[in-house]
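Reading the structure
One letter stands for each residue in the lines below.
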Number of protein chains: 2
Amino acid sequence: MARRAAAGLLRRLVPLAASDTQPRRGMYPAQYGATNRYFSIFYWIQGQQHPLYGCRTNVETDDSQQSAQMNFKVQKRSFSSSAAHIQRNPTYSVLNSDDVSYFKSILGESGVVQDEDRVAVANVDWMGKYKGASQLLLLPKSSNEVSKILSYCNSRRLAVVPQGGNTGLVGGSVPVYDEVNGILTCEAGCVLENLSSFVENKGFIMPLDLGAKGSCHIGGNISTNAGGLRFIRYGSLHGNVLGLEVVLADGTVLDMLTTLRKDNTGYDLKHLFIGSEGSLGVVTKIAILTPAKLPSTNVAFLSCNDYISCQKLLLAARRSLGEILSAFEFMDRHCINLAMKYLEGVHNPLPVSPYNFYVLIETTGSDESYDKAKLEAFLLRSMEDGLVTDGVIAQDISQASNFWRIREGISEASVKVGAVYKYDLSIPVEKLYDIVEETRSRVGDMGDVLGYGHLGDGNLHLNIVSTKYSDEMLAQIEPFVYEWTSKQRGSISAEHGLGLMKAEKIHYSKSSEAVQLMASIKKLFDPNSILNPYKVRRYV
Amino acid sequence: MARRAAAGLLRRLVPLAASDTQPRRGMYPAQYGATNRYFSIFYWIQGQQHPLYGCRTNVETDDSQQSAQMNFKVQKRSFSSSAAHIQRNPTYSVLNSDDVSYFKSILGESGVVQDEDRVAVANVDWMGKYKGASQLLLLPKSSNEVSKILSYCNSRRLAVVPQGGNTGLVGGSVPVYDEVNGILTCEAGCVLENLSSFVENKGFIMPLDLGAKGSCHIGGNISTNAGGLRFIRYGSLHGNVLGLEVVLADGTVLDMLTTLRKDNTGYDLKHLFIGSEGSLGVVTKIAILTPAKLPSTNVAFLSCNDYISCQKLLLAARRSLGEILSAFEFMDRHCINLAMKYLEGVHNPLPVSPYNFYVLIETTGSDESYDKAKLEAFLLRSMEDGLVTDGVIAQDISQASNFWRIREGISEASVKVGAVYKYDLSIPVEKLYDIVEETRSRVGDMGDVLGYGHLGDGNLHLNIVSTKYSDEMLAQIEPFVYEWTSKQRGSISAEHGLGLMKAEKIHYSKSSEAVQLMASIKKLFDPNSILNPYKVRRYV
Ligand SMILES: Cc1cc2nc3c(=O)[nH]c(=O)nc-3n(C[C@H](O)[C@H](O)[C@H](O)COP(=O)(O)OP(=O)(O)OC[C@H]3O[C@@H](n4cnc5c(N)ncnc54)[C@H](O)[C@@H]3O)c2cc1C
Ligand SMILES: Cc1cc2nc3c(=O)[nH]c(=O)nc-3n(C[C@H](O)[C@H](O)[C@H](O)COP(=O)(O)OP(=O)(O)OC[C@H]3O[C@@H](n4cnc5c(N)ncnc54)[C@H](O)[C@@H]3O)c2cc1C
């Protein structure tokens, strides 16, 4: 039996017909619309001021104030935990024309955007879920300008929202590269993809890679502690970021921009800013480790009959592929069916249907033929052991892209159904799929439940899709998902942060002592709470 | 020419005569004396109270108070930056018999050590450089006991020094291992080497390894942010530690003991405790990532004519050995000469003298013959390119141990000369050897200057050895070494922390804004400054 399966696999190792229109992995410009911009999913609410930076700053105006005085509900298009009814904090000042003049004196006319259309673009998130009503956008070009803006806003108590994700001013920031030590130093406004190309030209890679790379800023990545596709291999930004420059709420420029791999002098403060979602300071510069670029990449697409096989396969891959394993992604049958239905030009490389789970394994190493032989041997053994039922190894870049496109396209496909309830959970691998099944039985035929994600990191993306939003459905999902995750000591946000959507849900993942300490730290760094108000402030 | 050199290398690839008495890498129990214990080098001063935990707690008594009222000079055996003239802080209380009774009520008689001999052992550091005068040692067995002790000391304003490095109570702590996710959870008092054996039995390794592993505690490693020999491959503890449980100064048990790889809910507070040298809280439990153990290790020992060749070799090794490179250590001729003179049973595998630099390269991978072939090919190329003048690859474990013994024995050998002035610096690789040469010319024939270290991490160990201590010599070294390092934006402590020795030197590596923020954080976490007083408190 196993032998036969192995033979089946071997047959499949010959090249498939190359699919011609596959986009490169991680490159779906069309998806981002004409402006090729991206805003973090959770951060925009109607009637709230949305100030500053990444390369833009929104400061509240009288107009937004009018509406901000009311109670606002996050727009109904927000399909999960609604961060409803945010009351404007009356201690914040209201922006006036003197403020605008002051900003112009620092940034010039071009750095202060009041034009309604341009501001409107900044007022909505990438998914169109959250919408802001700010009328002012500031575009500082240097740490010094950021410092002046913050110092002013702090003294005036004008609330500020740092923002990345726009390529506007990036041309101005010149990355510096240290090839001997493999360290990149750059400004926060650099777009991740540009940095990737920059270091790849020198034979290195960025330690992180994600679908949004074409528009997200490295400053935004740091502030959200982005994980992404290289996490299993190169680990977290806490391990890879060497230094930061951050402007604090009072305008102090905090220079922690070391490019040293090791530095044990005093507390390592930079870690507080990694993942703090712009609530403790504005990241302006970054020094980051870049691993050597390895020439050989292989991608396999496999099927498994059950979830336990996926788990065992992960363990076996860790042991057998060891130092060359660079991705281990999984998706269930529901994901594949959806991807095939909604993604253009994508095909399932395996015969459809009978399999319940699919796994994408990538290896990256320095020896093409050796790596491939190793991957093949591993797959054969896995088939013999009954872990894998079928599988193919990509024979060229276009096949590899197709495999990745399936995995990365699930999110895109699910949006096309109509309504998506999205959860990004960390759960111990053994239990990770239980929640998918339980949710499926709760939801019944109200919707389709998808389970996929970075299995190698214990990171599940749980998406519930339906043709339209319904309170009845939401009641089946929340607080169930949060409570279930909490019971397993999981995290209700593996990658995406708390933002607005989950600001009040922190207690599901963090102890009250920890939350209290966070509040004290927030108060220490930003006593007037001018940075990213309502989000962080609601839990700390 | 290059061809001839390459032929020379190849000849040397045949097995050398196995040396029979080589200890295993990192295993020199004799070195630690009969008690097999280790205290951090920088932490003990005469007349200072030395309280608590790791698994022991020293609380100040009336006796120590007598002396603590005076001004103390660190003993003269402290051969570098003397942390002299520490004035006892009069706001601390003096330990009385009620306190001792209270501690006994929590810990029982056996948990409260007043016996002079046992306390004396805890009152001196491993190097015998710093000496304390505490009369009380507490041995808590659980987080709950630590919490009670700290809460009491905080309310009484009794100063406390957390301490690891003693195997006393370790038997009590049972590590828990999650094989699917490769995550170890254990108590802070576990000895690193025991944890290593524990996970190696399951096919994994600890992400850190250091010479002191036979006696240092994982809690001590976390608190000093230890680097060590696997750093180049597995990176910093900030990337590998997943969760911590910490008892704060007021006794609050802060549960951050997640075992998740990814968790972006709120600020990642655990990083504040990694490397904070016990000044913000007592680490009681740890969850840490453990990489898969790979079966094949190869070690090469090479010589280079000049430092620029060492640098180029590092760059070439990063590119060619890529994912299997696991150590890149260098040492200069002075180190080798000293090691040959003072270390028993160690021999130089290369013909002596003409070479100025020696490099040890280790690879770790999953395929013995492939890895070795790869290393050989790399060395051949390096000889052809003129980077390497001679070299050998270990043919068995005993040869590999000999190579490592040379590198790891330098510190031991240097102590035997008489006086050692030790500096542990992070400096950009290009400049790293300049300071050795400059120091050498400053010191002249007053002493021998050794340069060695983890070149792959930009970490230089600069040791100046002499037969006896002299102020004249010190004046040539300090503040020169600190100023020079600071000018290169280096770190005056790559691995060892600031401790007492360098508490007042923090400004050489950190901006005043950062130091001020550290002070605020210290105040927030430990308002009565009962944890590790005089050390951290002197810079924050
Ligand atoms: C298609 C797609 C794929 C994605 N894939 C992944 C993935 O695989 N893994 C993952 O972890 N995430 C993923 N994300 C979400 C991820 O968090 C973001 O892509 C990215 O890290 C945010 O960068 P940005 O510049 O767009 O930040 P923004 O959206 O502009 O801001 C995000 C947050 O950071 C703050 N911020 C931004 N810049 C700064 C700054 N300079 N200083 C201080 N605060 C700042 C903002 O105030 C906000 O709170 C994905 C998103 C999309 C749309
Ligand atoms: C032979 C030798 C080789 C070494 N090699 C290296 C090396 O390669 N790399 C490197 O980085 N270092 C090295 N070191 C130094 C290194 O810092 C220590 O070996 C180790 O990390 C300290 O552990 P310990 O348990 O002995 O801590 P201790 O010496 O007991 O304490 C060190 C510090 O941590 C605090 N502390 C201890 N336990 C706790 C706790 N549970 N909670 C809070 N605070 C605590 C103490 O108060 C003190 O400030 C070496 C030392 C020796 C003697």
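Residues numbered from 1 in each chain as written. Chains lettered and ligands numbered in written order. Predicted model: local features only at pLDDT ≥ 70, side-chain atom pairs only at ≥ 80, totals over all residues. Heavy atoms only, no water.

Thoughts on the sheet that holds strand β16 (residues 459–466) of chain A
All names here are of chain A.
- Taken in spatial order, the seven strands line up as β13-β10-β12-β11-β15-β16-β14 in an open sheet, and their pairing is antiparallel. Only two strands of the sheet have a single neighbouring strand rather than two, namely β13 (390–393) and β14 (419–426). Between one strand and the next, the sheet's axes are offset by a mean angle of 15 degrees, whatever the strand orientation.
- Both β14 and β16 contribute to a ladder of eight bridges, which runs antiparallel. Its bridge partner lying in β16, Tyr423 is registered against Leu462.
- The strands that helix α13 (residues 368–384) touches are β10 (296–304), β12 (357–365) and β13; relative to β10, the one it contacts most, it runs at about 10 degrees. (Pairing = 2+ DSSP bridges. Helix = DSSP H or I, 4+ residues; strand = E, 2+ residues; numbered from the N terminus. Axes fitted to C-alpha atoms, helices over the stretch in contact; angles between N-to-C directions. Contact = heavy atoms within 4.5 Å.)

Some details on the pattern of salt bridges
All names here are of chain A.
- In this structure the tally under the stated criterion is 34 salt bridges over all chains.
- The partner of Glu329 in a salt bridge is Arg407, with the nearest N and O atoms 2.6 Å apart. Highlighted residues: Glu329 in strand β11 (residues 325–332) and Arg407 in helix α14 (residues 397–417), separated in sequence by 78 residues.
- Here the salt bridges share partners, and the residues they tie into one network are Asp209, Lys213 and Arg230. (Salt bridge = Lys/Arg side-chain N within 4 Å of Asp/Glu carboxyl O.)

Describing the side chain of B:Ser509
- Among the secondary structure elements, B:Ser509 is positioned in the loop between α17 (480–487) and α18 (512–525).
- The exposure class of B:Ser509 is buried, given its relative accessible area of 18%.
- Polar side-chain contacts of B:Ser509 include one of 2.9 Å to the backbone nitrogen of B:Ile492.
- In this structure B:Ser509 touches A:Thr265, B:Gly490, B:Ser491 and B:Ile492, once residues within four positions along its chain are discounted. (Buried < 20%, exposed > 50% of the residue type's maximum accessible area, 1.4 Å probe, protein only. Polar contact = N/O pair within 3.5 Å; in protein donor to acceptor, adjacent residues only side chain to side chain.)

Here we look at the interface of chain B and chain A
- Every contact between the two is made by 87 residues of chain B and, on the other side, 87 residues of chain A.
- Note on chain B versus chain A: buried area summed over both sides is about 6900 Å², and carbon and sulfur give 57% of it.
- When the area that chain B buries against chain A is broken down by residue, the three leading residues are B:Lys262, B:Asn264 and B:Tyr267, summing to 15%.
- Where chain B packs against chain A, one counts eight salt bridges.
- Summed over the shared surface of chain B and chain A, the number is 37 residue pairs in polar contact (both at pLDDT 80 or more).
- Counting residues per element, the ones that place at least two in the side of chain B that touches chain A are α8 (231–234), α9 (237–240), β8 (253–256), α10 (270–273), α11 (307–321), α13 (368–384), α18 and α19 (536–539) of chain B.
- Looking at the side of chain B that touches chain A, its residues break down into 32 nonpolar, 33 polar and 22 charged. (Buried area = accessible area lost by both parts, 1.4 Å probe. Nonpolar A, V, L, I, M, F, W, Y, C, P; charged D, E, K, R; others polar.)

Any link to function would need more than the numbers given here.
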